[in-house]
Every structure is written in structure tokens, then in C-alpha cells.
Amino acid sequence: MTPNPDFIAALQRSVLEAPYPKLIGMRLAHIGLDECRIDLDLAERHLQPFGIVHGGVLATLIDTATFWAGYLRLPQGTGLVNVDLKLNYLKPANAGALRAQGRCLRAGRQLSYAEAHVYDAAGDLVAHGTSTLMALPGKDLAIDVAKFV
């Protein structure tokens, strides 16, 4: 199973233009089988009143990275949804960029399990989380390019 580079490019454009990723400013920088990277340049809008990144931003990065890490194993025409999210905040961040590395630990036909690590610009681990994901046959993105070559 080899992902189609044209599908990957169309997927990245679709994610970039989707309302929530656009609002937050995150990008699907890389996606491969069982892995992905989400990038986010921090801005004032990401901070809570104490001047550090809001926990919801880190949770969003973990949710998104676990999701995309599990996505490419699914057959075309099948979507995915996170059914749980567990995370730990390990270090505050307040400026620069964040990078979420997602990895699918178990890809199943119905349920998958993934983890994500969020790093700051210095490469320090800021947060870690896991998620169980459920396949949704017939609920895929409307991308008119073959997912696999």
C-alpha cells in the first residue's frame, strides 16, 4: 500500500483550508503511513491569561496528530474519528513554534490506537497524548484523487 503523492498534496491543501485548522493556524506538514507532523507558529491568540499556551491548543495538536497518523491506513472512502483522548502537559510553552509528531501504534479495521508528542522550538517535550480512533466507512473526505498508487 503506497500513498499517492497527488492525494497527499490534495489532502494537505484541504486541511490547510478547513475552518478550524485555519483559525488555529496549524498545518499538516507531513503525512505518511502511521505517521504525521503538525506545525503551529505560536501567536498571542494561543496564550491563556498567564502568558503560556492554552492547554486546549496542545490538546488540539495531539488530537489532530493522532488522527492523521491513523488516517492513511484506511481504505479510500473511509473516514476516522477520535473516540477518546488522554494527554499530559509536561512543560509550558509561550513563544516560537510547536511541532506535534503523531504515530499510529496499532492500525485496525475498526479501531486504531495512536500517540503524539508535542515539542517546542528548542526540541523540548511539551505534551504527550494517546487516542483511540474509530473507522467510519462511507465518511471520507471528498478528494477526487486515488488515495493509493
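Q: Teacher, can you tell me more about the sheet that holds strand S2 (residues 35-41) here?
A: Strand pairs in the sheet, formed through backbone hydrogen bonds, run parallel or antiparallel to each other. Within the open sheet, the six strands sit side by side as S1-S2-S4-S5-S6-S3. Their pairing is antiparallel. Either end of the sheet is taken by a strand with one partner, and the two such strands are strand S1 (26-32) and strand S3 (78-89). Sheet twist, expressed as the average angle between the axes of neighbouring strands with direction ignored, equals 20°. Across the sheet, helix H3 (residues 55-71) lies against S1, S2, S3, strand S4 (97-106), strand S5 (111-119) and strand S6 (125-137), angled at about 140° from S3, the strand it touches most.

Q: How do you make sense of helix H1 (residues 5-17) when you look at a structure like this?
A: For the α-helix, the turn length of 3.6 residues means that residues three or four positions removed from each other point alike. In this model H1 runs 19 Å from its N-terminal to its C-terminal C-alpha over 13 residues, within 8% of the 18 Å that 1.5 Å per residue would give. For H1, the set of buried residues is Phe7, Ile8, Ala10, Leu11 and Val15. Angularly, the buried residues of H1 cover 165° about the axis, an arc narrow enough to put them on a single face. Among the exposed residues of H1, those pointing more than 90 degrees away from its buried face are Pro5, Asp6 and Arg13. Elements in contact with the buried residues of H1: helix H2 (19-24), S1 and H3. Here H1 starts with a cap whose side-chain oxygen sits 2.9 Å from the backbone nitrogen of aspartate 6, and that cap is asparagine 4.

Q: Would you take a moment to explain the layout of surface pockets for this structure?
A: Volume-wise, the largest pocket comes out at about 260 Å³. Around the largest pocket sit 17 residues that line it, and Val15, Pro21, Thr64, Phe67 and Trp68 are the ones nearest its centre. Counting residues per element, the lining of the largest pocket draws most heavily on H3, which supplies five residues. Residue composition of the lining of the largest pocket, grouped by class: eleven nonpolar, three polar and three charged.

Q: Hey, could you run me through the pairing of S5 in this one?
A: Residues in a regular strand project their side chains so that they alternate between the two faces of the sheet. Pairing of S4 with S5, which is carried by seven bridges, proceeds in the antiparallel orientation. Residue cysteine 104 lies in a different strand from S5, and its bridge partner there is alanine 114. Taking the residues that link successive antiparallel strands as the turn, the S4-S5 hairpin has four residues. Inspection of the sheet shows S5 paired to S6 by nine bridges, in the antiparallel sense. Its bridge partner being in S6, alanine 114 is matched across the sheet by serine 131. In this structure, the hairpin formed by S5 and S6 is closed by a connection of five residues, where glycine 123 is found at a positive phi of approximately 90°.

Q: Would you mind going over a nonpolar patch on the surface with me for this structure?
A: On the surface, Val81, Val83, Leu111 and Met134 cluster together into a nonpolar patch covering about 300 Å² of accessible area. As for its placement among the helices and strands, valine 83 is situated in strand S3.

Q: Help me understand the pattern of salt bridges in this model?
A: Opposite charge on two side chains lets them pair, provided their charged atoms get close. By the definition in use, this model includes eight salt bridges. Between arginine 37 and aspartate 39 there is a salt bridge, and its shortest N-O distance comes to 3.0 Å. Relative accessible area serves as the criterion here: at 27%, arginine 37 is assigned to the partly exposed category. Aspartate 39 gets classed as buried once you look at its relative accessible area, which sits at 14%. A salt bridge links glutamate 115 to arginine 103; its shortest N-O distance comes to 2.5 Å. With glutamate 115 in strand S5 and arginine 103 in strand S4, the pair connects residues that are twelve residues apart, well separated along the chain. Given a relative accessible area of 10%, glutamate 115 falls into the buried group. The network of salt bridges with common partners includes Lys91, Asp120 and Asp124.

Basis of the calculations
- The written sequence of each chain sets the order in which its residues are numbered from 1.
- For a predicted model such as this one, the threshold for reporting local features is a pLDDT of at least 70, and the threshold for listing and counting side-chain atom pairs is 80 or more; totals across whole chains, interfaces and linings nevertheless cover every residue.
- For the side-chain quantities, the full set of heavy atoms in the structure was used; hydrogens and water were omitted.
- In this analysis, strands are considered paired if DSSP registers two or more bridges between them.
- Strands are runs of DSSP state E lasting at least two residues, helices are runs of H or I lasting at least four, and both sets are numbered from the N terminus onward.
- Axis definition: a line fitted to C-alpha atoms, over the contacting stretch in the case of helices. Angles run 0 to 180 degrees between N-to-C directions.
- What makes two residues a contact is simply this: any of their non-hydrogen atoms within 4.5 Å.
- For a helix, the expected span equals 1.5 Å multiplied by the residue count minus one.
- Each residue's exposure class comes from its accessible area (1.4 Å probe, protein chains only) as a fraction of the maximum for that residue type: buried when under 20%, exposed when over 50%, partly exposed otherwise.
- Directions from the helix axis toward the C-beta atoms define the arc.
- Throughout this description, a polar contact denotes any pair of N or O atoms lying within 3.5 Å of each other; where both atoms belong to protein, one of them has to be capable of donating a hydrogen while the other can accept it, and for residues adjacent in sequence the pair is counted only when both atoms sit in side chains.
- Site definitions follow a grid-based scheme: protein atoms alone, a 1 Å grid, a 1.4 Å probe that fits but cannot get out for cavities, and for pockets an open set with protein on both sides within 12 Å along at least five of seven lines, plus lining residues having an atom within 4 Å of a point.
- Grid points are joined across faces, edges and corners, and a volume is the space filled by probe spheres set on the points.
- Here the term charged refers only to Asp, Glu, Lys and Arg, the term nonpolar to Ala, Val, Leu, Ile, Met, Phe, Trp, Tyr, Cys and Pro, and the term polar to all other amino acids, Gly among them.
- Patches in this entry comprise residues that are over 30% relatively accessible and not in a salt bridge; like charges within 9 Å are linked, as are nonpolar side chains (Val, Leu, Ile, Met, Phe, Trp, Tyr) within 5 Å.
- Note on areas: these come from Shrake-Rupley sampling with a 1.4 Å probe, and a residue is covered only by the protein chains present in the view.
- Salt bridges are defined as contacts in which a side-chain nitrogen from Lys or Arg sits within 4 Å of a carboxyl oxygen from Asp or Glu.

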